[in-house]
There are 2 protein chains.
Amino acid sequence: MLWPEGFIAVDWGTTNRRAWRMAADGKPGECFEDGLGVLSLERETFPAAIRQIRDRLGDLPLLMAGMVGSTRGWVEAPYWPCPAGIEQLAAQLIWPEPGRTAIVPGLSLLKDGRADVMRGEEVQLFGAAAARLIPANALVCHPGTHNKWVSIAAGKIQSFRTIMTGELFNLLKEHSILSDMLESAVEPGDGFAAGVARGLDGAGVTAELFSVRASVLLGQRKREDAAGFTSGLLIGADVKAGLSGTDDREILVMGRPDLTRLYAAAIELAGRTAREVDGEQAFLAGINAIAELI
Amino acid sequence: MLWPEGFIAVDWGTTNRRAWRMAADGKPGECFEDGLGVLSLERETFPAAIRQIRDRLGDLPLLMAGMVGSTRGWVEAPYWPCPAGIEQLAAQLIWPEPGRTAIVPGLSLLKDGRADVMRGEEVQLFGAAAARLIPANALVCHPGTHNKWVSIAAGKIQSFRTIMTGELFNLLKEHSILSDMLESAVEPGDGFAAGVARGLDGAGVTAELFSVRASVLLGQRKREDAAGFTSGLLIGADVKAGLSGTDDREILVMGRPDLTRLYAAAIELAGRTAREVDGEQAFLAGINAIAELI
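Residues numbered from 1 in each chain as written. Chains lettered and ligands numbered in written order. Predicted model: local features only at pLDDT ≥ 70, side-chain atom pairs only at ≥ 80, totals over all residues. Heavy atoms only, no water.

Let's hear about the sheet that holds strand β8 (residues 107-111) of chain B: which residues, and what values?
Taking strand neighbours across the sheet as the criterion, the three strands line up as β5-β8-β9 (chain B) in an open arrangement whose pairing is mixed. The open sheet has two free edges, formed respectively by β5 (80-81) and β9 (114-118) of chain B, since each of these has just one partner strand. (Pairing = 2+ DSSP bridges. Helix = DSSP H or I, 4+ residues; strand = E, 2+ residues; numbered from the N terminus.)

A description of the sheet that holds strand β7 (residues 101-103) of chain B should follow, citing residues and the corresponding values.
All names here are of chain B. Ordered by their spatial adjacency, six strands build an open sheet running β3-β2-β1-β4-β7-β6, and the pairing between neighbours is mixed. Each of the sheet's edge strands pairs with one partner strand only, and the pair in question is β3 (28-34) and β6 (94-97). For this sheet the average axis-to-axis angle between neighbouring strands, irrespective of direction, equals 20°. Where β6 and β7 come together, two bridges link them in antiparallel fashion. Looking at β7, one finds that Ile 94 is bridged to Ile 103. Together, β1 (7-12), β2 (17-22), β3, β4 (62-66), β6 and β7 form the strand contacts of helix α1 (residues 46-57), whose direction differs from that of β1 by roughly 130°. (Axes fitted to C-alpha atoms, helices over the stretch in contact; angles between N-to-C directions. Contact = heavy atoms within 4.5 Å.)

Mind laying out the interface of chain B and chain A, listing which residues take part and the relevant values?
With 43 residues of chain B at the contact, the number on the chain A side is 43 residues. For the chain B and chain A pair, buried surface summed over both sides reaches about 3700 Å², with 71% attributable to carbon and sulfur atoms. Taken together, the links from chain B to chain A amount to four salt bridges. Note that Arg 72 of chain B is salt-bridged to Asp 180 of chain A, the shortest N-O span being 3.1 Å. Summed over the shared surface of chain B and chain A, the result is eight residue pairs in polar contact (both at pLDDT 80 or more). Among the secondary structure elements, those contributing two or more residues to the side of chain B that touches chain A are β8, β9, β12 (156-163), α4 (165-175), α6 (205-217) and α7 (226-243) of chain B. With ten residues, the single largest contributor to the side of chain B that touches chain A is α6 of chain B. Broken down by class, the residue content of the side of chain B that touches chain A amounts to 22 nonpolar, 13 polar and eight charged. (Buried area = accessible area lost by both parts, 1.4 Å probe. Salt bridge = Lys/Arg side-chain N within 4 Å of Asp/Glu carboxyl O. Polar contact = N/O pair within 3.5 Å; in protein donor to acceptor, adjacent residues only side chain to side chain. Nonpolar A, V, L, I, M, F, W, Y, C, P; charged D, E, K, R; others polar.)

Tell me about empty space enclosed by the protein, and please be specific about residues and values.
In this structure the tally under the stated criterion is one cavity of 30 Å³ or more. Taken as a whole, the largest cavity encloses approximately 60 Å³ of empty space. For the largest cavity, the full set of lining residues is Arg 114, Ala 115, Asp 116, Arg 161 and Thr 162 of chain A together with Ala 207, Glu 208, Phe 210 and Ser 211 of chain B. Listed by contribution, the elements that provide at least two residues to the lining of the largest cavity are β9 (114-118) and β12 (156-163) of chain A together with α6 of chain B. For the lining of the largest cavity, the element with the highest residue contribution is α6 of chain B, accounting for four residues. Split into classes, the residues belonging to the lining of the largest cavity amount to three nonpolar, two polar and four charged. (1 Å grid on protein atoms, 1.4 Å probe; cavity = no way out; pocket = protein on both sides within 12 Å on 5 of 7 lines; lining within 4 Å. Points joined across faces, edges and corners; volume = space filled by probe spheres on them.)

The structure is reproduced here in structure tokens:
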């Protein structure tokens, strides 16, 4: 461990950021979350946004993961190719301020002509493996702005696939012709299950979305079920793609409890078993493990 | 014809509106188009937006079609159920100002548990049939904010299906993590064709979209091809759904030339024949035919 005084851990995503003060023994202290994701910041505003973190949590070293290291973020931390373990991540940190401020690189995949990238989830995944929240060989579903289906073997991330479910639901909710019908909270009830069934069926998402509006307008669906159906449709299509070609292993669903609950329900509706893992606990385990390797 | 002085025809959509001064003999005169679609207006601002049309084109009667008659528009013109012909539309006009300002109703469909609605395209479809731009029995693809696949028999609209392709592409372009990669104009070239092929394959749209970003970041796709690939992916999925269960008839592709060109290319890539029909000419034929029936 490079920092006997402790450090600040930051999970800086597309739409949100979270920061924790970490004691030298790895215990998390004060923390906060806000909506200053990288999409809401210009490159030149990051130094001020970083100062604000130290103003709130203390003048400590910063170890940051997520989209802050992307081309849309502050300083680019180039992707490291899979398969990869936590040692590679720790060895490839980018230091905008030497010894003082570091960014964890993301992971990339090139496989069968398919390209994919990940930033932020890798810390949770390695952390969950290190803290034995998941087995060393695991199939993980990590919902968020961009859901990731991840295959882990011998503690290394072997391959993964990103599905743009969360961002698409938010776009529909914020900016689309469906927005005034998507205001209800999404619960894993009947409307959600009906949407999951359509998504698992392989109904094309774009071919089904407009029917949400038409069904409400023509009195075929209750307005308050529209958000659940739409979320279910997108998550059902996501689960169909993610489970494709997998064996019947239990799926570890890691992330924020409000999202893991929906994905676990959809995976069970697809006839598979799911176990939820708390993403925050996994992130803190991962960021501590990286800090120890510095 | 109720109006010997002529009238103003308005096609008022989700994202745009177009208005033409029409002579008593049906000839279009001065016209304009702007971005004041219904999504950019609040209900109480419609009277001013309508005054602005008369200020520009003359103090004449108004005959309006499209989303202006929806729940998101000015005054609701209830949907008329399919199958329907142009006589039903003309008989069901809604008159916010009697004799002076009318709104054409949309059409609805309830079939095999599926609900759908249409507003604005029906005028073009009936107009194209009336002006013999399309045969009385036809399969029409009508791209726009919401693409419609429409089955017409004996000059009546029998059934249709809406696919949310155009709006989804615009959401991705304006507001998503892909937005900085979707700035190029979309042309029916190699990038577009590669996207169409993926869409026609049945690859899930949400499962493919993120790969657009990853492929550019990892140097597997040129940044300037990303918009074409993304548009092709969405249109390919749309064409796959629209052609499903159809015989091998020629597809009439009606609408704005910049969009009909892309759909015609995708339909040909799917091994079918397509013929483009100008949507403006069809709209004017349809609105004249309705005006004559008043």
